[in-house]
Amino acid sequence: MIFGASGDLTSRKLVPALYSLHRHGRLPSPFRVLGCARRAKSDESWRAELREALGRSHRAQPVDAGAWETFAGSVFYCQGDLAEPGTYARLRERIAESSDARLTRNLLFYLATPPDQFGIVVEQLYRSGLIRDESVGSRTRVVVEKPLGHDLVSARRLNELLSRYLGESQILRIDHYLGKETVQNIVVLRFANALFERVWSRDVVDHVQITVAESSGVGTRGAYYEQAGALRDMVQNHLLQVLALVAMEPPVSLEAEAIRDEKVKLLRSVRPIMPEEIGRCVARGQYTAGVVSGRAQCGYRQEAGVNPGSSVETFAALRLFVDNWRWAGVPFYLRTGKCLPIDASEVWIQFRRAPEVLFTARCGPRLDANALVLRLQPGEGVTLLVNGKVPGLELVLRTVRVQFKYAAEFGAYTPEAYERLLLDAMSGDTTLFLRADEVEAAWQIVDPVLRAWADKPLSESEFYPAGTWGPASAEELIACGGHAWRVPQPD
Ligand code: BG6
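Residues numbered from 1 in each chain as written. Predicted model: local features only at pLDDT ≥ 70, side-chain atom pairs only at ≥ 80, totals over all residues. Heavy atoms only, no water.

**Let's talk about the overall build of the protein**
To keep it simple, the criterion reads: In DSSP terms, a helix is any run of H or I states spanning at least four residues, a strand is any run of E spanning at least two, and both are numbered starting from the N terminus. Note on method: radius of gyration uses C-alpha positions; expected globular size equals 2.2 Å times residues raised to 0.38. Only protein chains enter the calculation, and the probe is 1.4 Å; a residue is then buried if its accessible area is under 20% of its type maximum, exposed if over 50%, and partly exposed in between. The contact definition used throughout considers only heavy atoms, calling two residues in contact when any of these lie within 4.5 Å. Method for areas: the Shrake-Rupley scheme with a 1.4 Å probe, in which residue coverage is limited to the protein chains shown. Lys and Arg are tallied as positive, Asp and Glu as negative. Neither His nor the chain termini are counted. For the purpose of locating charges, the reference atoms are NZ of Lys, CZ of Arg, CG of Asp and CD of Glu.
Each helix and strand counted, the protein has 17 helices and 18 strands in total. Expected size for 491 residues packed as a compact globule is a radius of gyration near 23 Å; at 24 Å, the protein falls within 12% of this value. Sorting the 491 residues of the protein into buried and exposed places 54% on the buried side. Across the protein, the fraction of contacts at a sequence separation of at least 24, relative to all contacts at a separation of at least 6, is 75%. Of the roughly 22,300 Å² of accessible surface on the protein, a fraction of 54% belongs to carbon and sulfur atoms. Charged side chains in the protein number 59 positive and 59 negative. The centres of these two groups are separated by 2 Å.

**Concerning the packing of aromatic side chains**
Here is the rule we go by: Geometry of aromatic contacts follows a simple scheme: Phe, Tyr and Trp rings, the Trp one being its six-membered ring, pair when their centres are within 6.5 Å, and the pair is stacked under 30 degrees between planes, edge-to-face over 60, tilted otherwise. Look at NZ for Lys and CZ for Arg. If either is within 6 Å of the ring centre and within 35 degrees of the ring normal, a charge sits over the ring.
Evaluated as defined, the whole model comprises 17 aromatic pairs. One aromatic cluster is present, formed by Y19, F31, W68 and F71 through successive ring pairs. A cation over a ring is seen here: R32 above F76, with NZ or CZ 4.7 Å from the ring centre.

**Re the sheet that holds strand β6 (residues 171–174)**
Within a sheet, adjacent strands bond to each other through the backbone by hydrogen bonds, running parallel or antiparallel. What counts, and what does not: We call two strands paired when DSSP finds no fewer than two bridges between them. The axes are straight lines fitted to the C-alpha atoms, using for helices just the contacting stretch, and the angles between their N-to-C directions are given from 0 to 180°.
Here we have 7 strands laid out as an open sheet, ordered β3-β2-β1-β4-β5-β6-β17, and mixed in their pairing. Among the strands making up the open sheet, the edge pair consists of β3 (75–79) and β17 (433–434). Relative to strand β2 (residues 33–37), strand β1 (residues 2–3) is paired through 2 bridges, and the arrangement is parallel. Each bridged residue has a counterpart across the sheet, and for I2 the counterpart in β2 is G35. Contacts from helix α2 (residues 43–57) reach β2 and β3 within the one sheet, and its direction differs from that of β3 by about 120°.

**Observations regarding the sheet that holds strand β18 (residues 463–465)**
Across the sheet, which stays open at both edges, the 9 strands sit in the order β16-β15-β14-β13-β7-β12-β11-β8-β18 with mixed pairing between neighbours. Two strands in the sheet have a free side with no partner beyond their single neighbour: β16 (397–405) and β18. Put simply, the sheet's adjacent strands are angled 20° from each other on average, direction ignored. Of the strand pairs in this sheet, strand β8 (residues 282–288) and strand β11 (residues 315–321) are connected by 4 bridges, and their pairing is antiparallel. Bridging from a neighbouring strand, R284 pairs with A316 of β11.

**A word on the site of the ligand**
Worth spelling out the cut-off: We call a residue near a molecule or strand when any one of its heavy atoms sits within 4 Å of it. Pairs of N or O atoms within 3.5 Å make up the polar contacts considered here, provided that, within protein, one atom can donate a hydrogen while the other can accept it, and that residues adjacent in sequence are counted only when both atoms are side-chain atoms. Under the scheme applied, nonpolar residues are Ala, Val, Leu, Ile, Met, Phe, Trp, Tyr, Cys and Pro; charged residues are Asp, Glu, Lys and Arg; polar residues are all the others, including Gly.
In the region of the ligand, the neighbouring residues are K146, H176, Y177, K180, E214, R221, D233, M234, H238, K338 and Q377. In this structure, Y177 approaches the ligand through a side-chain N or O atom, which is 2.5 Å from an oxygen atom. Between an oxygen atom of the ligand and a side-chain N or O atom of H238, the distance comes to 2.7 Å. Across the complex, the protein chains shield 77% of the 400 Å² of accessible surface that the ligand would expose by itself. Looking at which element gives the most residues to the shell around the ligand, the answer is helix α10 (residues 222–247), with 3 residues. Grouping the constituent residues of the shell around the ligand by class yields 2 nonpolar, 3 polar and 6 charged.

**Here's the deal with helix α7 (residues 152–165)**
Selection rule: One less than the residue count of a helix, multiplied by 1.5 Å, gives the span that helix is expected to have. As used here, the arc belongs to the directions running from the helix axis to the C-beta atoms.
For α7, spanning 14 residues, the distance from its first C-alpha to its last is 21 Å, which sits close to the expected 20 Å at 1.5 Å a residue. Of all the residues in α7, the buried ones are L152, S154, A155, L158, N159, L162 and Y165. The buried residues of α7 occupy an angular sector of 165° when the element is viewed end-on, so they sit on one face. In α7, the exposed positions angled more than 90 degrees off the buried face are occupied by V153, R157, E160 and R164. Buried residues in α7 make contact with α6 (118–127), β5 (139–145), β6 and α16 (436–453).

**Looking at helix α1 (residues 8–23)**
Since one α-helical turn is 3.6 residues long, residues separated by three or four positions face the same way. Under the 1.5 Å per step criterion, the end-to-end length of α1 is 22 Å for 16 residues, consistent within 8% with the ideal 22 Å. If you check which residues of α1 are buried, you get T10, S11, L14, V15, P16, A17, L18, Y19, S20 and L21. Where α1 is buried, its residues touch β1, β2, α2, α3 (65–72), β4 (106–111) and α15 (417–427). The positive-phi residue at the C-terminal boundary of α1 is G25, with phi of around 70°.

**Section: the pairing of β4**
On a regular strand, one side chain projects to one face of the sheet and the next to the other, so that they alternate. Most of β4 sits inside the fold, with 5 of its 6 residues counted as buried. By the bridge criterion, 2 bridges tie β1 to β4 in an arrangement that is parallel. Residue pairing across strands places I2 opposite Y110, the latter belonging to β4. In this sheet, β5 lies alongside β4 in parallel orientation, the contact comprising 5 bridges. Counted as the bridge partner of N106 is R139 from β5.

**Observations regarding the nonpolar core**
Note the following rule: Think of a nonpolar core as a cluster: buried Ala, Val, Leu, Ile, Met, Phe, Trp, Tyr and Cys residues, connected wherever their side-chain atoms sit within 4.5 Å.
In this structure, F3, F109 and L240 are the most contacted members of the largest nonpolar core, which totals 143 residues. The element contributing the most residues to this core is α10, with 13 residues. Contacts of L240, omitting those with residues within four sequence positions, involve V235, L267, L320, L334, A442, I445 and V446.

**Some words on the pattern of salt bridges**
The test is simple: The term salt bridge refers to a pairing of a side-chain nitrogen on Lys or Arg with a carboxyl oxygen on Asp or Glu at a separation within 4 Å.
All chains considered together, the criterion is met by 28 salt bridges. Across the pair D100 and R102 runs a salt bridge, and its minimum N-O distance is 2.9 Å. R102 sits in the partly exposed class, given a relative accessible area of 48%. E197 is paired through a salt bridge with R326; the nearest N and O atoms lie 2.9 Å apart. Of this pair, E197 sits in helix α9 (residues 194–197) while R326 sits in the loop between β11 and β12 (331–337), and the two are 129 residues apart along the sequence. Via salt bridges that share partners, E257, R260, D261, R435 and D437 belong to a single interconnected network.

**Points about the side chain of T140**
In this structure, T140 sits in strand β5. Look past the residues within four positions of T140 in its chain and what remains in contact with it is R105, L107, F109, L130, I131, R132, E134 and Q170.

Nothing here speaks to function; it is geometry throughout.
Now the structure itself:
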């Protein structure tokens, strides 16, 4: 059951993912999708809208007419105001139309609504008897998506509210980055290979860079972005989740709780950023007009829905330290931004330099340190950079790549993040969803920065032209630690 069925998330991500699962025979049988929103629509008109949106989102792959017909036959719409008890009574009736107990007892509620409606929907679901205790033989779960609060206090309030009506195992908090194949592969790479554990620590790692660069601006999402900014939109969730997976200790098992325990432990080991260190540990920026990939881009302040004097950051960079035995002293640099030159998300793990003897002594600074690059998107894969001899009579060394590419190894198909997440939500596997304490631990890291930035107007040096790699302060931040940002090369 999707609340907020008229919204963008439903037509652009959720329904295409459900259709694709159906097409690959992965949906449970029987299944039904029931959409609920305020606008008046019939089952048929909603199906027609979804079909059109699917055509747009699946441009690369034509929609299979037969698969769509069978899928659409299980899709229904129910109009209603989410605050009205009558809406939930009607939903109950529609659910009861089915005589199959599997369809009346196993219910997944997806809250694709603005977050200020989470409380009212969950409360009404509870009061109408649609949310049931899992112990009575039914399965009822609720999926929520970010923003999960806008700071630590509001995130705690939200967790408290959800837990009033639901058990923790019934609450599925989505971070769609965890649904990405390349993000899941971080755990596999680290713990299915003996090779990496030996080098995965302060003894061998010099520093780590996590970059999530986007070439597009905020587009039509200006009004939302004004309330968010890069720190809330990307760092608190996606980047910190990637950090947790890269740096956590080996879990005791692959059970959801074991993995989530390790992630929370890691997030809690991140050294708190003190107010007096903000200037040295974080940098922010906002794009001004420029050119990105040959097209003109307006400045953030000129975007629709944005305050012309806004000081909201569209770029954020942080230097974090993980104060535990494995990582003490190793800087983790995180950065993300809109209107950067390219789309590229990657983790760059740079190893210490080879000792200044033998080849290093001979080749000097020309000899690069080794690095392992986890390319999250695009150009998904893993690259190990090592030094090799250039064939020839002279002794010339240069960096060469040992490379694994998803496309070459597995072909083009990688499921959309939402396919995996929806399937796991239906089967109740919570591994890829965030636990309440995990969300709070992540807010705890960014909260001091949010407080420092609130009401502090951007200075001249914090602006960057669209199509560049962010403000000068980001370069200074990393230069302070004796490092430089790597330009991702998603070839
Ligand atoms: C969303 C953010 O969570 O992630 C967007 O709200 C961002 O601002 C998007 O563009 C990036 O996701 P992806 O999967 O395209 O990297």
